[in-house]
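The lines below spell out each chain.
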Amino acid sequence: LAKTTQPISMDSYEGQEVNITCSHNNIATNDYITWYQQFPSQGPRFIIQGYKTKVTNEVASLFIPADRKSSTLSLPRVSLSDTAVYYCLVGEGFKTIFGAGTRLFVKA
Amino acid sequence: DAGVTQSPTHLIKTRGQQVTLRCSPKSGHDTVSWYQQALGQGPQFIFQYYEEEERQRGNFPDRFSGHQFPNYSSELNVNALLLGDSALYLCASSLGPGTGFTDTQYFGPGTRLTVL
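In short, a report on the structure.

Cut-offs applied
- Residues numbered from 1 in each chain as written.
- Chains lettered and ligands numbered in written order.
- Predicted model: local features only at pLDDT ≥ 70, side-chain atom pairs only at ≥ 80, totals over all residues.
- Heavy atoms only, no water.
- Helix = DSSP H or I, 4+ residues; strand = E, 2+ residues; numbered from the N terminus.
- Buried < 20%, exposed > 50% of the residue type's maximum accessible area, 1.4 Å probe, protein only.
- Polar contact = N/O pair within 3.5 Å; in protein donor to acceptor, adjacent residues only side chain to side chain.
- Contact = heavy atoms within 4.5 Å.
- Salt bridge = Lys/Arg side-chain N within 4 Å of Asp/Glu carboxyl O.
- Disulfide = S-S within 2.5 Å.

Comments concerning the side chain of B:Glu75
All names here are of chain B.
For step 1, the next point in the chain: Positionally, Glu75 belongs in strand β8 (residues 74–78).
For step 2, the next point in the chain: Assessed through its relative accessible area of 17%, Glu75 is described here as buried.
For step 3, the next point in the chain: At 3.4 Å, the side chain of Glu75 and the side chain of Arg22 are in polar contact.
For step 4, the next point in the chain: Once you skip the residues sitting within four places of it in the chain, Glu75 turns out to touch Thr20, Leu21, Arg22, Trp34, Ser65, Gly66, His67 and Phe69.

Focus on the pattern of salt bridges
Residue and element names in this part refer to chain B.
For step 1, the next point in the chain: Across all of its chains, the model carries five salt bridges over all chains by this definition.
For step 2, the next point in the chain: The closest approach of N and O atoms between Glu75 and Arg22, which form a salt bridge, is 3.4 Å. Here the residue Glu75 occupies a position in strand β8, and Arg22 occupies one in strand β3 (residues 19–24), the gap between them amounting to 53 residues.
For step 3, the next point in the chain: For Arg22, a relative accessible area of 41% puts it in the partly exposed group.
For step 4, the next point in the chain: When the shortest N-O distance is used, the salt bridge between Arg63 and Asp85 registers 2.8 Å. Of this pair, Arg63 sits in the loop between β6 (53–57) and β7 (64–68) while Asp85 sits in the loop between β8 and β9 (87–94), placing them 22 residues apart in sequence.

As for the state of the cysteines
For step 1, the next point in the chain: One pass over the structure, following the stated rule, counts two disulfides over all chains.
For step 2, the next point in the chain: What pairs with A:Cys22 in a disulfide is A:Cys88, and their sulfur atoms sit 2.2 Å apart. Of note, the bridge from A:Cys22 to A:Cys88 carries an S-S torsion of about -80° and is left-handed in sense. Within this pair, whereas A:Cys22 is found in strand β2 (residues 18–23), its partner A:Cys88 is found in strand β8 (residues 84–90), the two being separated by 66 residues in sequence. Considered together, A:Cys22 and A:Cys88 belong to a single accessibility category, that of buried residues.
For step 3, the next point in the chain: The residue that forms a disulfide with B:Cys23 is B:Cys91, at a sulfur-sulfur distance of 1.7 Å. What sets the handedness of the B:Cys23 and B:Cys91 disulfide is the S-S torsion sign, and at about -55° it is left-handed. Highlighted residues: B:Cys23 in strand β3 and B:Cys91 in strand β9, separated in sequence by 68 residues.

Here you go:
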């Protein structure tokens, strides 16, 4: 099973760009990379998904190098409301495996 | 368009009791997965239902069981509750059981279960 490794926590200030990197050395050929955001006492919320190169939507960008063994979630100009836990996942067929995630704390 | 809904929001039970949690998937979704999230940890996969059958199961004992109805809603049942079952129980819905290609899931707000 593919396994992901992320930093346990990160701090940032409002207005800065935040990059969270995830390692997934054993990613399978067919696996996509998905990022979720979770606020306390709420369910995770889908942020972005990609397979290779770069994907951008209205809230984030996802950078995936050619070997796909890592990925970087980029959050432009974070605000206090971006304080949350961010999970990186790779496809596991029927099962979606969450790691411990990265706790991002945005300061004023 | 209603998202994933779960009931109840909170629940308090005592050891040895049984509990049933309910989930209605996002409109158009036919697959429901259940997760347990202990405080400070990531969600742990319990099982997934598709076409009214349990398709995959995580590392949870048989005390955890479920059901999916023809309208795609689902129930999670936990028997003989233990103190360690206290957690946030999350339901997620998706279109199709997933192949690893696009396993995008939509999560509900969860049910907070406290076992005393």
